[in-house]
Amino acid sequence: MTVSDPRPLVGEPVSLDLLNTRWMLDGVRQDLLTDADGLAVWLTANGLDARFAADASTLRHTLTARDALNGLADRPGDPAAVARVDAVLDHGRIRATLTAEGPGELPEFADPAWGPGWTAARDYLDLLRTAPDRIRSCAHEACILHFFDTSRNGTRRWCSMAICGNRAKASRHYARTKDN
């Protein structure tokens, strides 16, 4: 049985998509990764379901990676947060390969249960290497989602204009009309 993804924001890079497995709904924190079924939904959404099992061990290690990434997203450069992400990265490595298509890279894990979390941590490094200033948290005070700003001028503020952007505009409008 395939369960649909209930999250309000999907399709972000895998590291931010892992952070977005927690979100707010009507003021209540939701968490996709409470069990192996939720992990299966996340693995499928990120094309990782063919390589990694949605089991208790993978869930535990993926939650460790999510907490480490969340610490780094909340406190960029914090030595403790950096150390936690490095600890996740210690569970895998990249092996250079040469294929019929040319040079390639193959991730390797001593314990495959670390694969999804390691993949997300490695992706975060790629985002930091590419455009660290484009890694954002939604500007809405009641939102905990993250996104990679791909707008041309780099001024995106909301996880979704349809959700949080409209909420902010409606709040401003209400405040203006209430005073009249």
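Up top you'll find the structure we're talking about.
The structure displayed is predicted, hence computed values, not measured ones. (Residues numbered from 1 in each chain as written. Predicted model: local features only at pLDDT ≥ 70, side-chain atom pairs only at ≥ 80, totals over all residues. Heavy atoms only, no water.)

Caption draft 1: Spatial organisation of the packing of aromatic side chains. Following the criterion strictly, the structure yields two aromatic pairs and no others. Taking the centre distance of 5.7 Å and the plane angle of 70° together, the rings of Phe 52 and Phe 109 count as edge-to-face. Here Phe 52, found in the loop between helix H2 (36-45) and helix H3 (56-74), pairs with Phe 109, found in strand S4 (residues 102-109); they are 57 residues apart in sequence, far enough to count as distant. Side by side, Phe 52 and Phe 109 carry an identical accessibility label, which is buried. A connected cluster of aromatic rings, assembled from ring pairs, spans Phe 52, Phe 109 and Trp 118. (Phe/Tyr/Trp six-rings, centres within 6.5 Å; stacked < 30°, edge-to-face > 60°. Helix = DSSP H or I, 4+ residues; strand = E, 2+ residues; numbered from the N terminus. Buried < 20%, exposed > 50% of the residue type's maximum accessible area, 1.4 Å probe, protein only.)

Caption draft 2: Layout of helix H5 (residues 115-130). A rise of 1.5 Å per residue sets the reference length of H5, with its 16 residues, at 22 Å; its end C-alpha atoms lie 22 Å apart and thus fit the reference within 8%. For H5, the set of buried residues is Gly 115, Pro 116, Gly 117, Trp 118, Thr 119, Ala 120, Ala 121, Asp 123, Tyr 124 and Leu 127. (Expected span 1.5 Å × (residues − 1).)

Caption draft 3: Highlighting the nonpolar core. Core analysis: the largest hydrophobic core is formed by 41 residues, its most contacted members being Trp 42 and Cys 159. Taken together, the elements giving at least two residues each to this core come down to helix H1 (14-19), H2, H3, helix H4 (79-89), H5 and strand S6 (146-148). When residues of this core are assigned to their parent elements, the largest contribution, six residues, is made by H3. Contacts of Cys 159, omitting those with residues within four sequence positions, involve Leu 9, Cys 138, Cys 143, Leu 145, Phe 147 and Cys 164. (Core = buried A, V, L, I, M, F, W, Y, C linked by side-chain atoms within 4.5 Å. Contact = heavy atoms within 4.5 Å.)

Caption draft 4: Fine view of the packing of H3 against H4. Running from amino to carboxyl end, H3 crosses H4 at an angle of 150°, the nearest separation of the two axes being 8 Å. For the element pair H3 / H4, the angle class is roughly antiparallel. Here H3 runs over H4; the crossing is left-handed. Seen from H3, the contacting residues are Thr 64, Ala 65, Asp 67, Ala 68, Leu 69, Gly 71 and Leu 72; seen from H4, they are Ala 81, Val 82, Arg 84, Val 85 and Val 88. Considering only residue class, the contact of H3 with H4 consists of eight nonpolar, two polar and two charged. (Axes fitted to C-alpha atoms, helices over the stretch in contact; angles between N-to-C directions. Parallel < 35°, antiparallel > 145°, perpendicular 65-115°, else oblique. Left-handed = near helix turned anticlockwise from the far one by under 90°. Nonpolar A, V, L, I, M, F, W, Y, C, P; charged D, E, K, R; others polar.)

Caption draft 5: Focus on the pattern of salt bridges. A complete count under the given rule lists 11 salt bridges for this structure. Put simply, Arg 7 and Asp 5 hold a salt bridge, and the shortest N to O gap is 2.7 Å. Here the salt bridges share partners, and the residues they tie into one network are Asp 5, Arg 7 and Asp 17. (Salt bridge = Lys/Arg side-chain N within 4 Å of Asp/Glu carboxyl O.)

Caption draft 6: How the structure looks around H4. For H4, the set of buried residues is Ala 81, Val 85, Val 88 and Leu 89. For H4, the angular spread of buried residues about the axis comes to 105°, placing them on one side. For H4, the secondary structure elements touched by its buried residues are H3, strand S3 (92-99) and H5. (Arc of directions from axis to C-beta.)

Caption draft 7: Here's a closer look at the packing of H3 against H5. The geometry of H3 relative to H5 is characterised by a closest axis approach of 7 Å and an angle of 20° between their N-to-C directions. By the angle class used here, H3 and H5 are roughly parallel. Each of Thr 58, Thr 62, Ala 65, Leu 69, Leu 72 and Ala 73 in H3 lies in contact with H5, whose residues at this interface are Pro 116, Gly 117, Ala 120, Ala 121, Tyr 124 and Leu 128. By residue class, the composition of the contact of H3 with H5 is nine nonpolar, three polar and no charged.

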